Protein chains: 2
Amino acid sequence: MNKIYFDNAATTPIDTAVLQAMIPYMENHYGNPSSIHSFGRTTRSAIEEARKSIATCLNVSPGEIFFTSGGTEADNMAIRCSVHDFKIKHAITSRIEHHAVLHTLEELDKRGNIQLHFVKIDEQGNVDLTHLEELLKFTNERTLVSLMHANNEIGTLLPLKQVGDICAKYNALFHSDTVQTMAHYAFDLQAINVHFVVGAAHKFHGPKGVGFIYIKNDARITPYITGGSQERNMRGGTENLYGIVGIAKALSIANAHLTEHQQHIQALKQHFIKELQSNFTDVQFNGNTNPHQSLYTVLNVSFAPNPNGEMLLFSLDIAGIAASGGSACTSGSNQGSHVLRGIGAAADRPSVRFSFSKMNTIEEVDYTIAKLKEVLG
Amino acid sequence: MNKIYFDNAATTPIDTAVLQAMIPYMENHYGNPSSIHSFGRTTRSAIEEARKSIATCLNVSPGEIFFTSGGTEADNMAIRCSVHDFKIKHAITSRIEHHAVLHTLEELDKRGNIQLHFVKIDEQGNVDLTHLEELLKFTNERTLVSLMHANNEIGTLLPLKQVGDICAKYNALFHSDTVQTMAHYAFDLQAINVHFVVGAAHKFHGPKGVGFIYIKNDARITPYITGGSQERNMRGGTENLYGIVGIAKALSIANAHLTEHQQHIQALKQHFIKELQSNFTDVQFNGNTNPHQSLYTVLNVSFAPNPNGEMLLFSLDIAGIAASGGSACTSGSNQGSHVLRGIGAAADRPSVRFSFSKMNTIEEVDYTIAKLKEVLG
């Protein structure tokens with residue numbers, strides 16, 4: 001069997017159709033989109049088409065979409081600029097956010113810009129909405145709430161609409177790191193009280209190095225990266241032309257096949273869960289696994305303590321199976337998963353995150369189960 | 001004749017060899033460079049090779065090179081993070097810097113973080129070094145000096161080594177926006193007292209959306225974009241893998257053919273100057289045109305006042321010739337060129353920036369001269 005890639009929450013392969021859309025802008029149409037001559041007008045038009053396409057997918061105005069270098073920059077922009085511009089003194093988040101959010105908020109707290117509050121989560125990573133309301137009642141000043149739509153390591157979903165309604169009730173700004181759910185669920189942002197959501201193309205078969213931020217019209221912020229008048233003065237720097245063409249194409253493909261992909265991947269995940277349960281004693285799952293409350297692309301499995309547990313990911317890698325212990329973004333830090341710590345997962349149980357895409361198959365799941373049995377005995 | 005592209009200071013076409021180097025990372029090697037499995041190790045290795053290659057070109061340590069989304073982000077990072085981390089209270093710049101520098105410093109000044117001082121420049125855009133020293137003497141606190149290596153609109157070069165020595169004398173931090181000169185001159189950063197220089201791939205036949213910052217080891221700053229532990233904890237966000245492969249390849253190609261390209265382009269520019277002078281009365285040049293004090297890729301021409309002057313760029317565009325009135329980055333703002341204003345250029349004289357690359361030819365210059373004669377009569 002070829003290599004198996006079960007680390008799609010870290011990054012996904014570029015869809016062939018996305019690459020095909022990008023190539024003409026790498027080979028032929030190279031004008032700076034800000035140039036007023038014909039070379040520039042061609043590429044400007046490609047960028048504005050991309051913006052319109054994304055806006056249509058999310059049911060927002062094209063004027064509310066701004067391109068960035070990825071999800072992390074977009075999260076930084078939403079958090080740092082809203083804190084500055086709206087003179088935010090209090091922010092609420094959870095201890096299991098992606099580091100793009102957590103480290104950013106912690107830095108602002110450490111610098112004395114904000115006071116950071118952590119909403120309670122349960123052992124599945126579900127946010128305690130009653131506690132969220134209590135925290136929001138705590139101050140009369142405008143508060144920033146930053147809670148991710150789906151946790152990247154354990155897949156637990158936030159009830160986005162419900163949280164948006166709570167934020168609206170207390171006039172809080174609401175930012176949601178939607179990097180893991182963008183292009184995996186249909187978003188109707190007219191129907192949700194959220195001020196900032198973000199996307200990163202490489203999480204949905206688009207290119208690395210490009211993302212976007214949606215900024216609700218009534219929460220307009222100032223730029224984080226200042227310079228030229230690109231992105232209607234909201235983000236300096238010559239646009240990542242091919243990246244922008246690629247992200248729009250990737251989102252549009254995903255949106256056109258949403259149900260089909262979701263059914264395919266959900267079936268893989270449920271099959272994986274069933275096979276794990278019938279082949280391993282004392283298998284557990286980190287995070288919420290209720291299909292309606294869990295991101296269908298992510299399955300975080302915890303096995304019984306095992307002498308081969310520590311080498312599990314390494315053994316899978318040798319067998320040609322790519323999975324991960326948590327977020328790739330933190331793998332350089334060697335500190336273990338703050339998410340698993342955050343939900344109180346037992347440290348002696350080996351945990352693996354398997355994350356799927358439309359390109360995975362049932363056969364790959366079965367092969368992985370067989371290999372897991374070999375390793376864990 | 002095919003279309004003529006004389007706007008290479010705005011952006012350049014991707015070199016075929018650069019694109020060829022990028023394609024395998026778009027088609028086959030897609031692992032997240034932070035992943036520890038084989039997919040990730042392959043791409044991690046490509047990124048570290050790219051870093052080493054760039055470090056070798058600049059004669060610095062690979063640990064001093066950090067990848068960004070472009071020159072503008074790199075300029076923001078150098079300025080904003082050094083001001084914060086080194087508690088800088090005074091910064092010195094010029095009025096003809098790129099907006100990535102100027103708007104960033106102006107914002108910091110407006111917010112009360114720094115007091116911004118403008119060094120005098122002459123009518124060619126040359127920095128008054130005596131005045132620079134006077135400004136540096138003004139305070140005992142550590143000062144940030146930010147002066148671009150070559151002006152992007154008029155090509156005037158800064159004596160980088162000399163300015164570095166002055167900064168060193170007063171213990172100032174020195175940032176130079178080298179976006180227009182990177183890959184156009186040989187850099188030996190061991191020999192220059194500069195703390196931060198930057199590059200943007202798309203200015204030297206690499207891809208858009210990727211750049212780098214050199215941060216001298218003894219001026220280590222904290223990240224501007226916080227998140228995961230990418231770039232050794234210096235820049236969060238999944239790396240723009242293909243972009244990074246592309247920027248290293250583009251710089252390495254440029255460095256290998258530096259003299260050859262310089263001679264070719266310098267010859268085009270001198271031919272252009274000569275032809276302009278013999279075909280037009282009262283032609284002038286904005287900026288320093290001494291070949292040793294002027295970026296060889298940029299020629300900013302000013303014609304005698306003419307009724308067709310206002311439509312000059314448009315007329316050239318109709319004739320298939322792409323040139324510009326100034327920086328593409330500011331074209332969205334419709335405020336004219338702050339650089340030409342900064343050097344006191346006469347507002348009634350139509351000015352055009354022609355900027356060249358290794359791909360341009362003498363025939364294209366001659367064709368352009370002919371078209372200019374038609375338009376300006």
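Residues numbered from 1 in each chain as written. Chains lettered and ligands numbered in written order. Predicted model: local features only at pLDDT ≥ 70, side-chain atom pairs only at ≥ 80, totals over all residues. Heavy atoms only, no water.

**Description of the sheet that holds strand β2 (residues 65-68) of chain A**
Residues and elements named next belong to chain A. Strand order in the open sheet formed by seven strands is β2-β8-β7-β6-β5-β3-β4, with mixed pairing between adjacent strands. The sheet terminates laterally at β2 and β4 (115-118), the two strands that pair on one side only. With strand direction ignored, the average angle separating the axes of adjacent strands in the sheet is 20°. Relative to strand β8 (residues 211-215), β2 is paired through four bridges, and the arrangement is antiparallel. Counterpart to F67 in the pairing with β8 is F212. Each of β5 (143-146) and β6 (173-176) is contacted by helix α6 (residues 160-169), which is oriented at about 155° to β6, the strand it contacts most. (Pairing = 2+ DSSP bridges. Helix = DSSP H or I, 4+ residues; strand = E, 2+ residues; numbered from the N terminus. Axes fitted to C-alpha atoms, helices over the stretch in contact; angles between N-to-C directions. Contact = heavy atoms within 4.5 Å.)

**Focus: helix α5 (residues 129-137) of chain B**
Residue and element names in this part refer to chain B. Listed as buried for α5 are L129, H131, L132, L135 and L136. All buried residues of α5 project into a common sector of 155° when viewed along the axis, lining one side. Turned more than 90 degrees from where α5 packs its buried face, T130 and K137 sit exposed. The inward-facing, buried residues of α5 abut β3 (90-93), β4 (115-118), β5 (143-146) and α6 (160-169). For α5, the capping residue at the N-terminal end is D128, with a side-chain oxygen 3.1 Å from the backbone nitrogen of T130. (Buried < 20%, exposed > 50% of the residue type's maximum accessible area, 1.4 Å probe, protein only. Arc of directions from axis to C-beta. Polar contact = N/O pair within 3.5 Å; in protein donor to acceptor, adjacent residues only side chain to side chain.)

**Things to note about the domain arrangement of chain A**
Residues and elements named next belong to chain A. Parsing chain A into structural domains produces domain 1 (4-12 + 257-376) and domain 2 (16-256). Each side of the interface is counted separately: domain 1 has 33 residues, and domain 2 has 36 residues. Together domain 1 and domain 2 conceal approximately 2900 Å² of surface at their shared face, both sides included; 52% is due to carbon and sulfur atoms. In this assembly, domain 1 and domain 2 are joined by zero salt bridges. Our count for the domain 1 to domain 2 interface comes out at 22 residue pairs in polar contact (both at pLDDT 80 or more). Breaking the side of domain 1 that touches domain 2 down by element, the ones donating at least two residues are α9 (258-279), β10 (298-302) and α11 (338-342). No other element matches α11, which puts four residues into the side of domain 1 that touches domain 2. (Domains from an automatic or database assignment. Buried area = accessible area lost by both parts, 1.4 Å probe. Salt bridge = Lys/Arg side-chain N within 4 Å of Asp/Glu carboxyl O.)

**Observations concerning the sheet that holds strand β12 (residues 351-355) of chain B**
Residue and element names in this part refer to chain B. In space, the three strands of this open sheet follow the order β9-β10-β12, with antiparallel pairing throughout. Two strands lie at the open edges of the sheet, namely β9 (284-286) and β12, each paired on one side alone. Strand-to-strand twist across the sheet, computed as the mean angle between neighbouring axes with direction ignored, equals 35°. With five bridges joining them, strand β10 (residues 298-302) and β12 adopt antiparallel strand pairing. Bridge pairing links L299 to F354 in β12. Packing of helix α9 (residues 258-279) onto the sheet brings it into contact with β9, β10 and β12, and relative to β10 it is tilted by some 10°.

**Describing the interface of chain A and chain B**
With 68 residues of chain A at the interface, the matching set in chain B holds 68 residues. Interface of chain A and chain B: buried area, both sides summed, is about 5200 Å²; carbon and sulfur atoms make up 56% of it. In this assembly, chain A and chain B are joined by two salt bridges. One salt bridge connects D317(B) with R41(A), and the closest N-O pair in it is separated by 2.6 Å. Applying the counting rule to chain A against chain B returns 31 residue pairs in polar contact (both at pLDDT 80 or more). Across the side of chain A that touches chain B, the residue classes tally to 24 nonpolar, 32 polar and twelve charged. (Nonpolar A, V, L, I, M, F, W, Y, C, P; charged D, E, K, R; others polar.)

**As for the nonpolar core**
Ranked by internal contacts, the top residues of the largest apolar core, which has 187 residues, are L276(A) and L276(B). In this structure L276(A) touches V283(A), F285(A), L299(A), V301(A), F303(A), I369(A) and L372(A), once residues within four positions along its chain are discounted. The next biggest cluster of nonpolar side chains, apart from the first, holds 54 residues, and it includes M77(A), I79(A), L144(B) and I213(B). (Core = buried A, V, L, I, M, F, W, Y, C linked by side-chain atoms within 4.5 Å.)

**Thoughts on the state of the cysteines**
One pass over the structure, following the stated rule, counts zero disulfides over all chains. This cysteine, C81(B), is not joined by any disulfide, and C81(A) carries the nearest cysteine sulfur, 13 Å off. Judged by its relative accessible area of 5%, C81(B) falls in the buried class. Here C167(B) is not disulfide-linked; the sulfur of C81(B) is the nearest cysteine sulfur, at 19 Å. (Disulfide = S-S within 2.5 Å.)

**Regarding unusual backbone geometry**
Residue and element names in this part refer to chain B. Residues other than glycine seldom take positive phi values, yet K87 does so here, at roughly 50°. For K87, the location among the structural elements is in the loop between α3 (71-85) and β3. Unusually for a residue other than glycine, D282 sits at a positive phi of about 55°.

**Examining the packing of aromatic side chains**
Describing an aromatic ring pair means giving the distance of the ring centres and the angle of the ring planes. Evaluation of the coordinates by the stated rule reveals 21 aromatic pairs over all chains. Both rings, one in F272(A) and one in F354(A), keep their centres 4.7 Å apart while their planes meet at 45°; by these two values the pair is tilted. On the criterion of sequence distance, the pair formed by F272(A) in helix α9 and F354(A) in strand β12 (residues 351-355) is long-range, its members being 82 residues apart. Each member of the pair F272(A) and F354(A) is classed as buried. Both rings, one in F6(B) and one in F272(B), keep their centres 5.9 Å apart while their planes meet at 50°; by these two values the pair is tilted. Of this pair, F6(B) sits in the loop between β1 (4-5) and α1 (16-27) while F272(B) sits in helix α9, placing them 266 residues apart in sequence. Look at F272(B) and you get buried, because its relative accessible area is 0%. These aromatic residues form a ring-pair network of at least three members: F6(A), F272(A), F354(A) and F356(A). (Phe/Tyr/Trp six-rings, centres within 6.5 Å; stacked < 30°, edge-to-face > 60°.)

**Observations concerning the pairing of β5(A)**
Residues and elements named next belong to chain A. Burial along β5 is two-sided: the residues T143 and V145 and L144 and S146 are all buried. For β5 and β6, the ladder comprises three bridges, and the chain directions are parallel. Within β6, the position partnered with V145 by the bridge is F174. Chirality of the crossover, the property in question, places the unit of β5, α6 and β6 among those that are right-handed. (Right-handed = clockwise from strand over helix to strand, strands pointing away.)

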